[in-house]
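A closer look at the structure
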Amino acid sequence: MSAADTKVIGERAEAMLQALASISAEPDKLTRLYLTEEHRRAARLVAEWMRAAGLKVRMDAAGTVHGLLPASREGPSSSKRLLVGSHIDTVVDAGRYDGTLGVVAAILAVEELRRRQAALPFALEVLAFGDEEGVRFPKTLIGSSTVAGALRDPMLDLTDADGVTIRAALAGFGGDPDALEAEAYRHEDVLGYLEVHIEQGPVLERLGLPLGVVTAIAAQGRFRLTVKGEAGHAGTVPMDIRRDALAAAAEMALAIEAVAKEPNEASLVATVGEFRVLPGASNVIPGEVRFSLDLRAATDAARERAAGEIRRRVEAIAARRCVSLTMDAVHEKPVAACAPEMIETIAGAIEATTGEAGYRLMSGAGHDGQAMSHLAPIGMIFVRCRGGISHNPAEYASPEDMGLAVTALVSAILGIAEQG
Ligand SMILES: [Zn+2]
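Residues numbered from 1 in each chain as written. Predicted model: local features only at pLDDT ≥ 70, side-chain atom pairs only at ≥ 80, totals over all residues. Heavy atoms only, no water.

What follows deals with the overall build of the protein chain. Regarding its fold elements, the protein chain presents 11 helices and 16 strands. For a compact globule of 420 residues, the expected C-alpha radius of gyration is about 22 Å, and the protein chain comes in at 24 Å, within 12% of that figure. Across its three principal directions, the C-alpha atoms of the protein chain cover 80 × 50 × 40 Å. For the protein chain, with 420 residues in total, the buried portion stands at 53%. Taking as baseline every contact in the protein chain between residues at least 6 positions apart, the subset at least 24 positions apart corresponds to 78%. Averaging the positions of the 43 positive and the 57 negative side-chain charges in the protein chain gives two centres separated by 1 Å. (Helix = DSSP H or I, 4+ residues; strand = E, 2+ residues; numbered from the N terminus. Rg over C-alpha atoms; globule rule 2.2 N^0.38 Å. Buried < 20%, exposed > 50% of the residue type's maximum accessible area, 1.4 Å probe, protein only. Contact = heavy atoms within 4.5 Å. Lys, Arg positive; Asp, Glu negative; His and termini not counted. Charge placed at Lys NZ, Arg CZ, Asp CG, Glu CD.)

Turning our eyes to something else, we now look at the coordination of the zinc ion. Every protein donor of the zinc ion is accounted for by His87 (NE2), Asp98 (OD) and His197 (NE2), and the metal-donor separations fall at 2.0 to 2.2 Å. With relative accessibility at 6%, the residue Asp98 sits in the buried group. (Donors = N, O, S within 2.8 Å, 3.2 Å for Na, K, Ca; no water.)

We now examine the side chain of His87. With respect to the secondary-structure elements, His87 resides in strand 3 (residues 81–87). There is a polar contact of 3.0 Å between the side chain of His87 and the side chain of Asp89. Reaching out from His87, the side chain makes a polar contact with the side chain of Asp98 at a distance of 3.1 Å. Not counting chain neighbours up to four residues away, the residues in contact with His87 comprise Asp98, Gly99, Thr100, Val103, Phe129, Glu132, Glu133, His197 and Asp368. (Polar contact = N/O pair within 3.5 Å; in protein donor to acceptor, adjacent residues only side chain to side chain.)

Structurally, Arg303 can be placed in helix 8 (residues 300–320). Classification of Arg303 by relative accessible area gives buried; the value is 5%.

Taking 1.5 Å of rise per residue, the 15 residues of helix 9 (residues 340–354) would be expected to cover 21 Å, and the 21 Å separating its terminal C-alpha atoms lies within 8% of that figure. Among the residues of helix 9, those classed as buried are Met342, Ile343, Thr345, Ile346, Ala347, Ala349 and Ile350. Along its buried surface, helix 9 packs onto strand 3, strand 5 (190–198), strand 6 (211–217), strand 15 (359–363), strand 16 (378–383) and helix 11 (399–419). Just beyond helix 9, the residue with positive phi is Gly355, at close to 85°. (Expected span 1.5 Å × (residues − 1).)

The terminal C-alpha atoms of helix 8 lie 30 Å apart, and with 21 residues this matches the ideal 30 Å at 1.5 Å per residue to within 8%. Close packing links the buried residues of helix 8 with strand 7 (219–228), helix 7 (245–261), strand 12 (288–297) and strand 13 (324–333). A positive backbone phi angle near 55° is found at Cys322, which sits one or two residues after helix 8.

A general trend in soluble globular proteins is that nonpolar side chains are found buried together. Judged by nonpolar contacts, the single largest core of 85 residues is most densely connected at Leu124, Met372 and Ile413. When residues of this core are assigned to their parent elements, the largest contribution, 11 residues, is made by helix 11. Residues contacting Ile413, with those up to four places away along its chain left out, are Leu82, Val84, Ala109, Leu113, Leu120, Phe122, Leu124 and Leu194. With 30 residues, the next largest nonpolar core counts Leu293, Ala306, Ala307 and Val323 among its residues. (Core = buried A, V, L, I, M, F, W, Y, C linked by side-chain atoms within 4.5 Å.)

This is the structure in structure tokens:
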């Protein structure tokens, strides 16, 4: 495909993303939450585009829009489907590429496949999920978990800030809270799930690459650490007998950073993002500090190893400084690995599209693929975004890069078709 053709596709993507971005709960910023009027309007627009691309459209019980292109030739897989999609909900004051690019890219890929009269030996289904961000309700991935049959506990009675339950919101939207389980696809009917998404990080931009292939959606662990020393008068307690909880916790934060900075194969990242000092007065020696640790890695083993090493080091610091320490795991999400065959196919598609080997990277952020990995092999294409900025109105991916992403997606779909 010529660079000019790719650019035309990218410009169409940009125009479609602009149209979606105009559908917002707030006039001067983009906010589109699950099962709201804005979600409904965005779902309608996406359904219109799907129909125009020749897809058979339906909305499922969780509000996900499905667009189906039946298999165009008979074969052992003609009753199976390859799923391609992403989400159309946003965070508050969002950018216009996160999620929506994956839906738009999937629709444009269908158009391109039809233009080339590609005869696929399987059905292709585009999915526009409504709840990836988990902003409105204290629950994420409801749409993709429904399709994947991974909705362990739908928690239909959870409420939004106005006291509206998921159950009521679903019913009001035209979904069906009692039919969620029946929407689950069967493993044997699904060949895989592909998603195009902006990287939401700075790696591809730093390398000068438009696209990358995701190896895994990170394993994530969240911990809460509490350090207890002894509060005291800032003027009267000599330095050598203090048990300053903040000085100890600060040393621990640096030790955590040092563990994550050691060379490793697993893209390990560790973040101390919350830090609470008690009693928190300028003339009192800190008696207690509570802080958070967010730990992510490309494998569960690497994350567990790192958590163990961090625990060993912070306990040593606590012992040396005569403070007490607790470190509790509060949240754990296992890694969602992309399927090796999908990684190979996408890497090949990126190379065929850009002329450069498909660069492999981990996704530190969560995605619908996490839920979909329970159903089928998953694969993801990352698109370079300016400054690595996301969840922010400054989010930006160029039309050229988006055109390349659609082209690589088409090439990956054709690659899967060739493999049978
Ligand atoms: Zn997203």
